[in-house]
Amino acid sequence: MAQSLITVCIVEDRKDIRESLKILVNEAGDCACIGDFTNGEDAVKEIPELQPDVVLMDIDLPGINGIDCIRQLKPLCPRVQFMICTVYDEDEKIFDALAAGANSYILKRSDSDTLINSIRDLHNGGSPMSSDIARKIVRQFQKALPSEKEDYHLTDREKEILELLAKGLTYQQTADKIFISGKTIKKHVYNIYEKLHVNSRTEAVNKYFGREM
Amino acid sequence: MLKGLFILSALFYSSTTGTAQTALSRDSLNYFISAAKKDNTGVQQLYRVSAAYLQINSDSALYFSTQAMQLAEQISYDSGYFLGLKHKADALLALGQIDKVYELGENALTYADKLNKPNYKGRAYFTMAIARQYQYKILLAIDLYTKALPYFEEAKAKPNLARVYQNIANLFYEQKAFDKGMQYANKAYALNAALKDTVKMLECRGLTGNLLYGSKKFDAANEVYTDILRSKTYKLLNPATQLIFAINMGSLHYDLEKYDSALHWFLQATALKNKFQLDFFTRQLFYKTTSTYIKLGSIAKAGQLLHADGNFNSEEDDRTDFYETWSEYYTATGNYAKANEWLIKLREYQDSLITDETAASFLQMDTIMAQSEKQRLLNQQELSIQSLQKKAIEKNKTIALLSIGAIALLTMGFIFYLFFKKKEQLKNKSIALLNKENEFIAVKSSLEGQLQERSRISKEIHDELGSSLTSISLLTEVLKKRIDTNINPEINKISDTSADMVDKMNEIIWALNTSNDTVNSLVAYIRKFTNNFLQVANIELEFLETDIPENKALEGTVRRNIYLTVKEAVNNIVKHSGAKKVAVNVSAAHGLHIDITDDGKGIDKGNMNSFGNGLKNMKKRMEDIGGKFSIENNNGTIIKLSY
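Figured I'd write up the structure that's included with this text. (Residues numbered from 1 in each chain as written. Chains lettered and ligands numbered in written order. Predicted model: local features only at pLDDT ≥ 70, side-chain atom pairs only at ≥ 80, totals over all residues. Heavy atoms only, no water.)

## A word on the overall build of chain A
The helix and strand inventory of chain A stands at 10 helices and five strands. Counting only residues that meet the buried cut, chain A has 54% of its 213 residues in that class. Long-range pairs, those at least 24 residues apart, make up 66% of the contacts in chain A between residues at least 6 apart in sequence. In the form shown here, chain A has an accessible surface area of approximately 9800 Å², with 50% of it arising from carbon and sulfur atoms. (Helix = DSSP H or I, 4+ residues; strand = E, 2+ residues; numbered from the N terminus. Buried < 20%, exposed > 50% of the residue type's maximum accessible area, 1.4 Å probe, protein only. Contact = heavy atoms within 4.5 Å. Areas by Shrake-Rupley, 256 points an atom, 1.4 Å probe, with all protein chains shown as cover.)

## Things to note about the sheet that holds strand β4 (residues 81–86) of chain A
Residues and elements named next belong to chain A. What the five strands build is an open sheet, ordered β2-β1-β3-β4-β5; its pairing is parallel. This sheet does not close on itself; its edge strands, each paired only once, are β2 (31–37) and β5 (104–107). In this sheet, neighbouring strand axes are inclined to one another by 25 degrees on average, regardless of whether the strands run parallel or antiparallel. Here helix α2 (residues 40–50) sits on the sheet in contact with β1 (6–11), β2 and β3 (54–58), set at roughly 140 degrees to β2. (Pairing = 2+ DSSP bridges. Axes fitted to C-alpha atoms, helices over the stretch in contact; angles between N-to-C directions.)

## Points about the nonpolar core
Counting residues in hydrophobic clusters, the biggest one holds 98 residues, and the most contacted among them are F82 and Y145 of chain B. If we skip the residues at most four places from it in the chain, Y145 of chain B touches F126, A129, I130, Q133, V164, N167, I168 and L171 of chain B. Counting residues in hydrophobic clusters, the runner-up holds 46 residues, among them F37, C77, A97 and I133 of chain A. (Core = buried A, V, L, I, M, F, W, Y, C linked by side-chain atoms within 4.5 Å.)

## Examining the interface of chain A and chain B
One frequently used descriptor of interface size is the decrease in accessible area upon assembly of the parts. Counting residues at the interface gives 29 residues for chain A and 33 residues for chain B. Roughly 2700 Å² of surface becomes buried between chain A and chain B when both sides are summed, with 48% attributable to carbon and sulfur atoms. On the surface where chain A and chain B come into contact, there are zero salt bridges. Counting the contacts that link chain A with chain B gives four residue pairs in polar contact (both at pLDDT 80 or more). Counting residues per element, the ones that place at least two in the side of chain A that touches chain B are α1 (15–26), α4 (91–100), α5 (112–123) and α6 (131–144) of chain A. Grouping the constituent residues of the side of chain A that touches chain B by class yields seven nonpolar, seven polar and 15 charged. (Buried area = accessible area lost by both parts, 1.4 Å probe. Salt bridge = Lys/Arg side-chain N within 4 Å of Asp/Glu carboxyl O. Polar contact = N/O pair within 3.5 Å; in protein donor to acceptor, adjacent residues only side chain to side chain. Nonpolar A, V, L, I, M, F, W, Y, C, P; charged D, E, K, R; others polar.)

## Brief notes about helix α12 (residues 218–230) of chain B
Residues and elements named next belong to chain B. Its 13 residues place the ends of α12 18 Å apart at the C-alpha level, agreeing with the 18 Å of an ideal helix rising 1.5 Å per residue. A221, N222, V224, Y225, I228 and L229 are the residues of α12 that are buried. Along the axis of α12, the buried positions cluster into a sector of 165 degrees, meaning they face one direction only. The exposed residues of α12 that point more than 90 degrees off its buried face are D219, E223 and R230. Buried positions along α12 lie against α11 (198–214), α13 (239–255) and α14 (259–276). (Expected span 1.5 Å × (residues − 1). Arc of directions from axis to C-beta.)

## A look at the pattern of salt bridges
Residue and element names in this part refer to chain B. In total, this model carries 22 salt bridges over all chains according to the counting rule given. With a closest N to O distance of 3.0 Å, D113 and K121 form a salt bridge. The class of D113 is partly exposed, set by a relative accessible area of 44%. E328 is the salt-bridge partner of K295, the closest N and O atoms lying 3.9 Å from each other.

In structure tokens, the structure reads:
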């Protein structure tokens, strides 16, 4: 049983929310909160030691914010998956977080089922993506096209999915259009997120070889 | 440069200082005196001896004239006494004892008072006047001459009268009261003409020339001088007078910038000077000649002269010309440093002149200056009267000219008026612009203040209320886990409501946030809303956008009203239409157009009440912001918004 448990860490400055999330995670049955932090600095120190499966990360934190926190942690623990927890679905912040190395995002006010299912999805290699995030990614790589280096190295299929999502189609509608399952779509989206923060990976390599920028 | 030149021209009637002085012993003098008879002839003899000695030994001349006068007084030979005035004065002047000359005149006046003979009184005053003239006390001299005049008139002593007129004319010349001087010169000339004294007439003509020259009537002066030089009597004038005419002629040409002629006359003067061994005006003539060479560009010649002359001649009493000429020479050679050196020397010299004595004479000069300034004003007035007379003669011409001038002036005035009016207008305009700008700045700053306030409020709502509501939402989720939800459906409501509130608040924040005041932002928000909303309702969405500008501004209220209208429309579709597919078409090519098409059952016109309020609301929202709203049935519903 212990092996199938999804280990979770929570970074959240507000006590009510932190405690609530902790309860919801712990009562899900297959999840276990193994650490919770009130600020980014502590998280950067502790999480590489704990190596959880998933980190629920608030964006607005005292000290370094959630996005910078992910940017620092991702190279240290590349296997850890980061899920942005946010009050509002503000595209700018979510996109910045994804570019910094986050793998998924969720609204804090989501009901407990949605929250836990999202954690499970992410752990299984899936990621949610709204049409606006999709548009942002499309626009970003359109801008970056002239420079090979800036390209996110997306496959044609990934680009196709992105464009359909960007038009406003749901996962199911998109899946129907290109004749694949809903689960596969989520896997593609996960890969898109991974490729999105390709720079972070470069940073990771640089860090590994002691050539930090 | 030739300051003091002309006054001397009037004075040289008195003898020049002697050349070789041969001393006579006291014994030989006494012998002459004792030998003289103690009667009228003795006195006359002594005067003749005095006159003879004047050129040879002025001391002896003085001695003899003094003795003669004493003798005349003793024997009451009155005319003999007054005859002595000229002889003794000549001797004293030759010796430079000018104060004694005045004393001599005073004593003579006392003597004359007893006799009541006008001619003697006149002579006494004349002698005093000569003394003052030699002391350069011009006003006092004129006063004394004027006192002498009535006595000479009374005595009908015409030659004396003529001499006095001539001397007064000369003094007025010195005072630069040229017109007054001219009056006296004319009187003197008339008297001399009556006396048929051709030499004196010529002298008076010379004086007239000088006066014209002084009043800058150069051409008239030139004419007079030329006349004098051409006259037969010119050669009868004594060489000194001729020398002075030559110098004046040269100076006149120098002032007229006819340097060739000037040089001719200066050289002529030099020749005269050398021929008759005249040793006055030597320095002035030398400097004047040198300066003329410089003006003619014969700088080498000028240099030669100056260097040959050597350093300052100690006999010279006025060094001004000396320094000035050297400075002029160095300026001409381009050696400005040297020229400046000489100028500095000149200034130092002039400063050194200011002693008590000179200060006193400055005071006198001030009086003279004041008087001459008055005269100058009088002259000016006279000139203006003359010009007025001329104007009267040329009245017709002037009227024509004046009218042309008047028209020109009017035109110019009008142009100026237009110019200044325009300027004034521009000024007013710029002031108005400035005021407007200030108003604009005020409005802008108040707007900025509003915007800042909006941002502050939205940030606080965003940060504080947002997370508080989120807490409620999450806490109810926890509560739901702990309590059986079926028993407590209200808990679900709390959860839903708080989640809903966060959404609504998000909308308010979006509307408040000024950074969202663009068309682009509105379209993105509508897209996200429709996408999320229809996804939940499982209705397919086709969202098309064309010509959306990147940063076109859109006011907050407009943005909010359009968004709420779209929200209402989409809400209605989900609630009432039963549609499977919705197409949202946004175009911002001209204004902003949003078409929302569904494939539902369309609007039942007969059953408008159920959502009539919603429709009215949408219409009102669009009209409030000056936009349009329409709805029609066409295999479903088409709602058209435009702004």
